[in-house]
Amino acid sequence: MPTLPFVTLKFAISLDGRLATRTGDSQWISSDDSLQLAHQLRAEHDAILVGIGTVLADNPRLNVRRVDGRDPLRVIVDGSLQIAIDANVLRPEAAPRTLIATTTTAAATRIAAIQKSGAEVLLLPNEPHSQRVHLEALLMELHRRSIKSVLVEGGAGIITALLAARLVNRMVVAIAPKIIGQGLEAIGDLGITKLRDALTFISFQTARLGPDMIFDGLLKEQ
Ligand SMILES: NC(=O)c1ccc[n+]([C@@H]2O[C@H](COP(=O)([O-])OP(=O)(O)OC[C@H]3O[C@@H](n4cnc5c(N)ncnc54)[C@H](OP(=O)(O)O)[C@@H]3O)[C@@H](O)[C@H]2O)c1
């Protein structure tokens, strides 16, 4: 088994398991208290990772604001380098601690434009039969750089891919007392057809935070 960082998934969902409405609106599903917890978790991890879909939808800053603590390394998974050059994570104050993980098929002109902002572009192998970033290869490289813990904040594509590859150690989910109906499901197909194959937890805690319920569990290795 390769040595990998400890991976925590953190996201907020509605009571019916949605990460966002069907138009992609997700700010904010959870309460102000849960946002505070999100910033606490950022301060406790070496890196924070999101998919390009989240950057395009929300343009997050991915820094620590609501608690004291240092900003983790920002990692954006972007297989075809779609990130906008004026994205918040590429602004002058953020770019030197931002890493864009992409594949060896990325266009040289886009790589150069992003590097000009001061961010690093990391070229990785792609997942078999797709142009997507090989997530285990990314985690191995982060570990090689002494990144021992990674907080993944979404979105659905990255959450699903990491769970499908069994690369997640801990899940912190804020469940808000809201019902959205049709929308973006937090976790897509994991290829599980029998309940006995469901992902389960070694241990978990639940707590009330403002109006939200917080689930915090350690996944069983499967
Ligand atoms: N409620 C919450 O806590 C929360 C948190 C975060 C986001 N969100 C919401 O979630 C939505 C974004 O989710 P999303 O699923 O569209 O995007 P995402 O998970 O942020 O990014 C997915 C994209 O990452 C790229 N990618 C590269 N390698 C990949 C791999 N191995 N596996 C999976 N993806 C890979 C793919 O684009 P390429 O193929 O182009 O590389 C893919 O389309 C937004 O509406 C956002 O507001 C909600």
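Every chain's residues receive numbers from 1 upward, in the order its sequence appears when written. Under the rules for a predicted model, residues below a pLDDT of 70 receive no local features and side-chain atom pairs below 80 are neither given nor counted, while totals for whole chains, interfaces and linings still include all residues. The side-chain numbers reported here are obtained from all heavy atoms of the structure, hydrogens and water having been left aside.

A. View of the site of the ligand. Here, proximity means that at least one heavy atom of the residue falls within 4 Å of the molecule or strand. The environment of the ligand is formed by 29 residues, the closest being Ser26, Thr54, Gly79, Gln82 and Gly157. In the complex, the protein chains occlude 84% of the 930 Å² of accessible area that the ligand would expose alone. Under the DSSP-based scheme used, a helix requires at least four consecutive residues in state H or I and a strand at least two consecutive residues in state E, with every element numbered from the N terminus. The set of elements that each furnish at least two residues to the shell around the ligand consists of β1 (6–14), β2 (18–21), α2 (52–58) and α5 (156–164). The dominant element in the shell around the ligand, judged by the number of residues it contributes, is α2, at five residues. Side-chain classes are defined by residue name, with Ala, Val, Leu, Ile, Met, Phe, Trp, Tyr, Cys and Pro counting as nonpolar, Asp, Glu, Lys and Arg as charged, and the others, Gly among them, as polar. Residue composition of the shell around the ligand, by class: 13 nonpolar, 11 polar and five charged. To be clear on the numbers: accessible area is Shrake-Rupley with a 1.4 Å probe, and residue cover counts the displayed protein chains and nothing else.

B. Representation of the side chain of Thr98. Relative to the helices and strands, Thr98 resides in strand β5 (residues 98–103). Here a polar contact is taken to be a pair of N or O atoms separated by no more than 3.5 Å, where protein atoms must pair a possible hydrogen donor with a possible acceptor and residues adjacent in sequence count only if both atoms sit in side chains. Here Ala94 takes part through its backbone oxygen, which lies 3.1 Å from a polar atom of the side chain of Thr98.

C. Quick peek at the pairing of β1. Using a 1.4 Å probe on the protein chains alone, a residue whose accessible area is under 20% of its type maximum counts as buried, one over 50% counts as exposed, and one in between counts as partly exposed. Along β1, eight of the nine residues are buried, which leaves the element largely enclosed by surrounding structure. Looking at chain direction, β1 and strand β7 (residues 149–152) are connected through four bridges and run parallel. Along β7, the bridge assignment pairs Leu9 with Val152. Note: β1 against strand β8 (residues 170–176), seven bridges, orientation parallel. Residue pairing in the sheet places Ala12 in a bridge with Ala174 of β8. Only strands that DSSP links by at least two bridges are regarded as paired with each other.

D. Representation of a nonpolar patch on the surface. Side chains of Phe6, Ile202 and Leu218 sit close together on the surface and give an oily, nonpolar patch of about 270 Å² of accessible area. Mapping Leu218 onto the fold places it in strand β11 (residues 212–219). Patches here: salt-bridge-free residues with over 30% relative accessible area, like charges joined within 9 Å, nonpolar side chains (Val, Leu, Ile, Met, Phe, Trp, Tyr) joined within 5 Å. In what follows, salt bridge is the name for a side-chain nitrogen of Lys or Arg lying within 4 Å of a carboxyl oxygen of Asp or Glu.

E. Examining the environment of Asp78 more closely. Turning to its location among the elements, Asp78 is positioned in the loop between β4 (73–77) and β5. Not counting chain neighbours up to four residues away, the residues in contact with Asp78 comprise Ile52, Ile83, Ile100, Ala101, Thr102 and Val133. A polar contact of 3.0 Å, which involves the side chain of Asp78, links it to the backbone nitrogen of Leu81. Contact definition: two residues touch when any of their heavy atoms are within 4.5 Å.

F. Local environment of the side chain of Ser34. Structurally, the position occupied by Ser34 is in helix α1 (residues 32–44). Ser34 sits in the buried class, given a relative accessible area of 2%.

G. Structural context of the packing of aromatic side chains. We call Phe, Tyr and Trp rings a pair once their centres come within 6.5 Å, taking the six-membered ring for Trp, and we label the pair stacked below 30 degrees between planes, edge-to-face above 60, and tilted otherwise. One pass over the full model with this rule turns up two aromatic pairs. With 5.0 Å between their ring centres and 75 degrees between their planes, Phe201 and Phe215 make a pair best called edge-to-face. Placement of the pair is Phe201 in strand β10 (residues 201–209) and Phe215 in strand β11, with a sequence separation of 14 residues.

H. Here's a closer look at the sheet that holds β11. Read from one edge to the other, the open sheet built from nine strands follows the order β6-β5-β4-β3-β7-β1-β8-β11-β10, with strand pairing classed as mixed. The two strands at the open ends of the sheet, each matched to only one other strand, are β6 (120–124) and β10. Pairwise comparison of adjacent strand axes, ignoring direction, gives a mean angle of 20 degrees for this sheet. Direction of pairing for β10 relative to β11: antiparallel, over a ladder of eight bridges. Within the sheet, the bridge partner assigned to Gln205 lies in β11 and is Asp216. Contacts between helix α4 (residues 135–144) and the sheet are confined to β1, β3 (47–51), β4, β5, β6 and β7, with β4 contributing the most and set at about 165 degrees to the helix. Fitting a line to C-alpha atoms yields each axis, with helices limited to the stretch in contact; the angle taken between N-to-C directions then spans 0 to 180 degrees. Along the sheet, α5 contacts β1, β3, β4, β7, β8 and β11; its crossing angle with β1, the most-contacted strand, is approximately 135 degrees.

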